[in-house]
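Tertiary structure, described
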Protein chains: 6
Amino acid sequence: MKAVYPGSFDPVTAGHLDIIERAARIFDRLVVTVFPNPAKAPLFAVEERVAMLREVTRHLPNVEVDSSEGLLVPYVRRVGARVIVKGLRAMSDFDYEFRMALMNKKLDPEVETVFILTSSQYSYLSSSLIKEVASLGGCVTGLVPPVVERRLRELWPVQEPGPGS
Amino acid sequence: MKAVYPGSFDPVTAGHLDIIERAARIFDRLVVTVFPNPAKAPLFAVEERVAMLREVTRHLPNVEVDSSEGLLVPYVRRVGARVIVKGLRAMSDFDYEFRMALMNKKLDPEVETVFILTSSQYSYLSSSLIKEVASLGGCVTGLVPPVVERRLRELWPVQEPGPGS
Amino acid sequence: MKAVYPGSFDPVTAGHLDIIERAARIFDRLVVTVFPNPAKAPLFAVEERVAMLREVTRHLPNVEVDSSEGLLVPYVRRVGARVIVKGLRAMSDFDYEFRMALMNKKLDPEVETVFILTSSQYSYLSSSLIKEVASLGGCVTGLVPPVVERRLRELWPVQEPGPGS
Amino acid sequence: MKAVYPGSFDPVTAGHLDIIERAARIFDRLVVTVFPNPAKAPLFAVEERVAMLREVTRHLPNVEVDSSEGLLVPYVRRVGARVIVKGLRAMSDFDYEFRMALMNKKLDPEVETVFILTSSQYSYLSSSLIKEVASLGGCVTGLVPPVVERRLRELWPVQEPGPGS
Amino acid sequence: MKAVYPGSFDPVTAGHLDIIERAARIFDRLVVTVFPNPAKAPLFAVEERVAMLREVTRHLPNVEVDSSEGLLVPYVRRVGARVIVKGLRAMSDFDYEFRMALMNKKLDPEVETVFILTSSQYSYLSSSLIKEVASLGGCVTGLVPPVVERRLRELWPVQEPGPGS
Amino acid sequence: MKAVYPGSFDPVTAGHLDIIERAARIFDRLVVTVFPNPAKAPLFAVEERVAMLREVTRHLPNVEVDSSEGLLVPYVRRVGARVIVKGLRAMSDFDYEFRMALMNKKLDPEVETVFILTSSQYSYLSSSLIKEVASLGGCVTGLVPPVVERRLRELWPVQEPGPGS
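This one's a predicted model, so the numbers in the text were calculated from it and none came from an experiment. (Residues numbered from 1 in each chain as written. Chains lettered and ligands numbered in written order. Predicted model: local features only at pLDDT ≥ 70, side-chain atom pairs only at ≥ 80, totals over all residues. Heavy atoms only, no water.)

**Some words on the overall build of chain A**
Heads up, the rule is: Every helix listed is a DSSP run of H or I at least four residues long, and every strand listed is a run of E at least two residues long, numbered separately from the N terminus. In this treatment the radius of gyration is a C-alpha quantity, and the globule benchmark scales as 2.2 Å times the residue count to the 0.38 power. Three exposure classes are used, based on accessible area relative to the maximum for each residue type with a 1.4 Å probe and protein chains only: buried under 20%, partly exposed in between, and exposed over 50%. Here a residue-residue contact requires only that any non-hydrogen atoms of the pair lie within 4.5 Å. Note on areas: Shrake-Rupley, 1.4 Å probe, and residue coverage restricted to the protein chains presented here.
Across its full length, chain A holds six helices and five strands. Its C-alpha radius of gyration of 16 Å places chain A within 12% of the 15 Å reference for a compact globule of 165 residues. Projecting the C-alpha coordinates of chain A onto the three principal axes gives extents of approximately 55 × 30 × 30 Å. Counting the 165 residues in chain A, one finds 61% classified as buried. Across chain A, contacts joining residues at least 24 apart in sequence account for 74% of those joining residues at least 6 apart. Within the structure as shown, chain A displays about 6,500 Å² of accessible surface, and the carbon and sulfur contribution to it stands at 52%.

Right, here's the structure in full:
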């Protein structure tokens, strides 16, 4: 079974990577696809997001990275998949995710959405929060893959000395 | 008892129409009133929203359509009503709706808000989601009244061939 | 329009009375009906709950009190009503109430359920919490009508001296 | 990939069957396993629940039915699976299901839990609600598979004449 | 123990003041700190927000008012505090507040966040709702301190005559 | 400031201990008080719960352990405290905890309840879940303090061999 894990991944976080690694153990093939969110001003270009995703998933042979635009379910069909993977973080994602899942089921009843619960240590993470903290000079080590941390530090050097320093 | 069902209705969905039909069976007279949401760029002009609402409620003799601006509760009083009708969709609307209901009760303790639960098959619908799907070329048949579907297709032709085609 | 406000009312609280008074202003006639909850050991007999409800609603000419058993929707039909009134308390009642409302709609699509939001000062009240506090000797003045407070004090005298005493 | 869909299934509902049919399209093999809930007095014996599940899944060649007791994750390993399937119904199941999923991940980090959203028309269904309605003589046609409806009617004949009769 | 109560306070509401008064009884010293929210266009300048906060907390000798920018936890350290106070309003603030609290704990594990529940009569208040109502000419007496009400009325005179007038 | 952390602690978990350690850094003195829950059949006697709490808090000089019965707020007053500490675990505890906090505020307006968020790695833990897993032979290492784990293993030896064994 082939599955698609869509997102804006601006940038990919440790929580996203956790979902990717777990989904890659469940499904034969997993396509991680960058869908730009037109309602938000992006930090990284789609190409750079794809490049970072490729780097952090290099150790997963059954994972490929792609980008697309437009409706999700026709895309899922075009790449030969029938399953959409979404991560859920405790209480925060239900509303939007469930409404999208029901809408996608209406648009194509044979495409299924499965939800994987984000590991509890990443339950508070989001790309937006990462960007907010990094832009204020906070340290995001461990919250994003090293390649993303390097890129964020190029944009915003760490200013916060940290506890005890 | 006369009731007011306020909303931005940009555009009216099958979920809105479900609430209107059910509220029209509960109350002697129902005024469906377009209140533009100043925080969102509109898709349809207020006049067009009113016209679409008039067309889809033509079969309901005790329903009239109106538009207004400003605070809701003085409007409710001006039209001689004492009840506000709001639709609730599963978990998504509680916070905003409940805070508005308590604020409206503070502004005029004699105006009551009653909530009607959206039918489960429409629980995921919203005007925003309809616009997002339609703008990407997705099919919204059954999710909006036919007159709205025609108008949306004039703006964005359907591109998605659908499952099996 | 005639409406039914069902509940176990074991005993009626100030929050219930708030809903009754507000529903009595919305609907032409309101039947407040005690449905015993077979899953809970009752504190007061159904007859006593009815008597207390009659006493606290004596000032509301369009309210009558009744008791019944079994399914709610056939009862609503039998008394000539088409609307069920339920109170919602902030976040606590959604799940059970919404599932019951959808089930009742399935059992009889022409019976509507409307929800009224409990006033914020009663949002934490429930008959169970009242009984728990009263049984431990706590003061429930203002949380239940005086007749209920007297009956609870006969069962459990107030022991808590209160702050500052 | 082999998956396990555990539950008490007392009895199986149309919502359960919806999850089974969708999971059977996602996974190569699906084991539906009755785990009795020791905290609830059962309506049907485990053997009868298994028999009803076998009957309603006869059309699904990659589904088998089993029963077990004790901890879930060692069972999942014993049957050679690595995925647990759970259904989510709108807002009602999050807390218990998420805590169980995190606990199961702690007990065996290589067993994954995936969640499938119950179709919106079944979002209010539960075995408990079915039993409550059926025991009061209500009609549950369409809410349970026909074989379950027959068994429930043997226990409790339908008394409710229905709307319009 | 010294604590910091951060917020945008644009403007301070009766709900904020309730939290300040209660936190001032719990902690030896409380710093109320205006952090501008860069994502929202402000109504009042930071200096004016600070001035209004100073006026409404004049009766609280262990409360001081400050303003800052950037990350919260290094600020908490700089002022010699180790506790962050946040108000919770029923169901509306959980997601954002809990994710911020977990992120802040990651950024500095020795800084604790404590939550105080907003009094039920203020559970629906927010600075945004106050501004929305006031800008439409609604009366906000009792929802904000008198000094804030005067300032809001200078910007937007009350137009709503109120019920019964 | 002296604070009380009440609970049934049947038995104390790693999540409870996390809250105790953090509250002990915030308040001058902390009383951890076992209140038996009369609605649940206990696993450990109150005396044993107190003994286990004493052992696991021995390293915290400003923490004492007590037990009581009846209403919480008069107890808080009797021990000379004015603050109640409660732990919140993501989405699961809001309803009950918030209603109790509002009721306790009504019973004694000068006693404050503060909430501390459970660390994300313990967000799924509860004494009930620990007992359920342990009674089925599951391994609870790391989820309870060692003294509690020993006691649970005396009652129920570990049967689950664990992954890979």
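So, next bit.
**Quick look at the relation of the copies chain D and chain A**
Applicable threshold: For this overlay, a least-squares fit was computed on C-alpha atoms, restricted to residues scoring pLDDT of at least 70 in both copies.
Screw-axis analysis of chain D against chain A gives a translation of 0.0 Å along the axis, an RMSD of 0.0 Å, and a rotation angle of 180°. Such a combination of turn and shift is consistent with a two-fold rotation axis. Closest approach to the rotation axis within chain D is made by the C-alpha atom of Phe115(D), at a distance of 2.4 Å. Comparing contact sets, 100% of the residues at the interface of chain D also lie at the interface in chain A, consistent with an isologous, same-surface contact.

**Thoughts on the packing of aromatic side chains**
All names here are of chain B. For the record, the criterion: Ring geometry is summarised as follows: Phe, Tyr and Trp rings, the Trp one being its six-membered ring, pair when their centres sit within 6.5 Å, and such pairs are stacked at plane angles under 30 degrees, edge-to-face over 60 and tilted between the two.
Taken as a whole, this structure holds 15 aromatic pairs over all chains when the rule is applied. Between Tyr5 and Phe9, the aromatic rings sit 5.3 Å apart at their centres with planes inclined by 80°, giving edge-to-face as the arrangement. Judged by its relative accessible area of 5%, Tyr5 falls in the buried class. Take Phe9: its relative accessible area is 2%, and that puts it in the buried class.

**A closer look at the sheet that holds strand 5 (residues 112–117) of chain E**
Applied cut-off: Pairs of strands are assigned from DSSP output, requiring at least two bridges between the strands. Orientation is described by axes fitted as lines to C-alpha atoms, over the contacting stretch for helices, and by angles from 0 to 180 degrees between their N-to-C directions.
Within the open sheet, the ten strands sit side by side as 3(E)-2(E)-1(E)-4(E)-5(E)-5(F)-4(F)-1(F)-2(F)-3(F). Their pairing is mixed. The open sheet has two edge strands with one neighbour each: strand 3 (63–67) of chain E together with strand 3 (63–67) of chain F. Strand-to-strand twist in this sheet, taken as the mean axis angle between neighbours without regard to direction, amounts to 30°. Where helix 1 (residues 14–26) of chain E meets the sheet, it contacts strand 1 (2–7), strand 2 (29–34), strand 3, strand 4 (83–88) and strand 5 of chain E together with strand 4 (83–88) and strand 5 (112–117) of chain F, and its direction lies at approximately 120° from that of strand 5 of chain E.

**Brief notes about the relation of the copies chain E and chain B**
Here two copies of a chain appear, and what relates them is a rotation about an axis with a shift along it. When chain E is brought onto chain B, the operation consists of a screw motion whose angular component is 120° and whose axial shift is 0.1 Å, with 0.0 Å RMSD remaining. Seen this way, the second copy is the image of the first under a three-fold rotation axis.

**Section: the interface of chain D and chain A**
Just so we agree on the cut-off: In this description, buried area is defined as the sum, over both parts, of the accessible area (probe of 1.4 Å) that is lost when the two are combined. A pairing counts as a salt bridge when a side-chain nitrogen of Lys or Arg comes within 4 Å of a carboxyl oxygen of Asp or Glu. Any pair of N or O atoms that falls within 3.5 Å is considered a polar contact. Within protein, one atom must be able to donate a hydrogen and the other to accept it, and sequence-neighbouring residues count only if both atoms are side-chain atoms.
Across the boundary between the two partners, chain D contributes 24 residues, which contact 24 residues of chain A. Both faces combined, the contact of chain D with chain A buries some 2,100 Å², and carbon together with sulfur accounts for 68% of it. Interface area lost by chain D to chain A is led by Arg25(D), Ile26(D) and Leu117(D), which between them contribute 28%. Our count for the chain D to chain A interface comes out at four salt bridges. In this structure, Arg22(D) engages Glu112(A) in a salt bridge whose closest nitrogen and oxygen atoms are separated by 2.9 Å. Our enumeration of links across chain D and chain A arrives at seven residue pairs in polar contact (both at pLDDT 80 or more). Sorting the residues of the side of chain D that touches chain A by element identifies helix 1 (14–26), strand 4 (83–88), helix 4 (94–107) and strand 5 (112–117) of chain D as the ones contributing at least two each.

**Focus: the packing of helix 2 (residues 46–56) of chain E against helix 6 (residues 146–155) of chain E**
A pair of packed helices is characterised by two quantities: the angle between their axes and the separation of those axes. Residue and element names in this part refer to chain E. To keep things clear, this is the line we draw: Only Asp, Glu, Lys and Arg are considered charged, only Ala, Val, Leu, Ile, Met, Phe, Trp, Tyr, Cys and Pro nonpolar, and every remaining residue, Gly among them, polar.
Relative orientation of the contacting elements helix 2 and helix 6 amounts to 145°, with a least axis distance of 9 Å. Seen from helix 2, the contacting residues are Glu48, Met52, Glu55 and Val56; seen from helix 6, they are Val147, Val148, Arg150 and Arg151. When grouped by side-chain class, the residues that make up the contact of helix 2 with helix 6 number four nonpolar, no polar and four charged.

**Here we look at the interface of chain E and chain B**
Between chain E and chain B, the residue contacts involve 20 residues of the former and 15 residues of the latter. Both sides of the chain E and chain B interface together cover about 1,500 Å² of buried area, and 70% of this is carbon and sulfur. For the pair chain E and chain B, the interface holds zero salt bridges. One can count one residue pair in polar contact (both at pLDDT 80 or more) joining chain E with chain B. The class makeup of the residues in the side of chain E that touches chain B is eleven nonpolar, six polar and three charged.

**What about the arrangement of the chains?**
As for chain E relative to chain D, no contact occurs, and the smallest C-alpha gap between them is 14 Å. Contact between chain B and chain F is absent, and the minimum C-alpha spacing across the pair is 13 Å.

**Digging into the side chain of Thr13(B)**
Looking at where Thr13(B) falls in the secondary structure, it is placed in the loop between strand 1 (2–7) and helix 1 (14–26). If near-sequence neighbours (up to four positions away) are discounted, Thr13(B) is found in contact with Leu125(B), Ser126(B), Ser127(B), Ile130(B), Leu143(B), Val144(B) and Pro145(B).

**Some details on the sheet that holds strand 2 (residues 29–34) of chain D**
Read across the sheet, ten strands follow the order 3(A)-2(A)-1(A)-4(A)-5(A)-5(D)-4(D)-1(D)-2(D)-3(D) without closing on themselves; strand pairing throughout is mixed. Each of the sheet's edge strands pairs with one partner strand only, and the pair in question is strand 3 (63–67) of chain A together with strand 3 (63–67) of chain D. Strand-to-strand twist across the sheet, computed as the mean angle between neighbouring axes with direction ignored, equals 30°. As paired strands, strand 4 of chain D and strand 5 of chain D are joined by six bridges and run parallel to one another. The residue bridging Ile84(D) from the neighbouring strand is Thr113(D), located in strand 5 of chain D. Contacting strand 2 (29–34) and strand 3 of chain A, helix 2 (residues 46–56) of chain A crosses the sheet at an angle of about 175° to strand 3 of chain A. In this fold helix 2 (residues 46–56) of chain D packs onto strand 2 and strand 3 of chain D, with an angle of close to 175° to the strand it touches most, strand 3 of chain D.

**Some remarks on unusual backbone geometry**
Geometrically, the link from Asp10(D) to Pro11(D) is a cis peptide bond, its omega value of 5° lying close to zero. Within the fold, Pro11(D) resides in the loop between strand 1 (2–7) and helix 1. Within the chain, Phe9(B) stands out as a residue other than glycine whose phi angle is a positive 50°. Looking at the secondary structure, you find Phe9(B) in the loop between strand 1 and helix 1.

**With respect to the confidence of the model for chain A**
Convention followed: The pLDDT score gives, residue by residue, the confidence of the prediction method on a 0 to 100 scale.
Of all residues in chain A, 93% attain a pLDDT of 70 or more, and the chain-wide mean is 89. Here the prediction assigns the complex a pTM of 0.89, and the interface score ipTM is 0.88.

**Notes on the pairing of strand 4 (residues 83–88) of chain A**
A regular strand places its side chains so that they alternate between the two faces of the sheet. All names here are of chain A. With respect to burial, strand 4 is a largely interior element, six of its six residues being buried. Where burial is concerned, the two faces of strand 4 agree: the one with Val83, Val85 and Gly87 and the one with Ile84, Lys86 and Leu88 are both buried. Across two bridges, the pairing between strand 1 (residues 2–7) and strand 4 is parallel. By the bridge assignment for strand 4, Ala3 is matched with Val83.

**Observations regarding the pattern of salt bridges**
Residues and elements named next belong to chain E. Scanning the model with the defined rule gives 78 salt bridges over all chains in all. A salt bridge links Arg22 to Asp18; the nearest nitrogen and oxygen atoms lie 2.9 Å apart. Of this pair, Arg22 and Asp18 both sit in helix 1, four residues apart, roughly one helical turn. The exposure class assigned to Arg22 is buried, which follows from its relative accessible area of 5%. Here Glu149 makes a salt bridge to Arg153, at a shortest N to O gap of 2.9 Å.

**Some remarks on the environment of Val76(D)**
Residues and elements named next belong to chain D. Along the polypeptide, Val76 turns up in helix 3 (residues 72–78). Sequence-wise, Val76 and Pro6 are 70 residues apart; in three dimensions their C-alpha atoms are separated by 9.6 Å. Among residues more than four places away in sequence, those in contact with Val76 are Val4, Ala81, Arg82, Val83, Ile84 and Val111.

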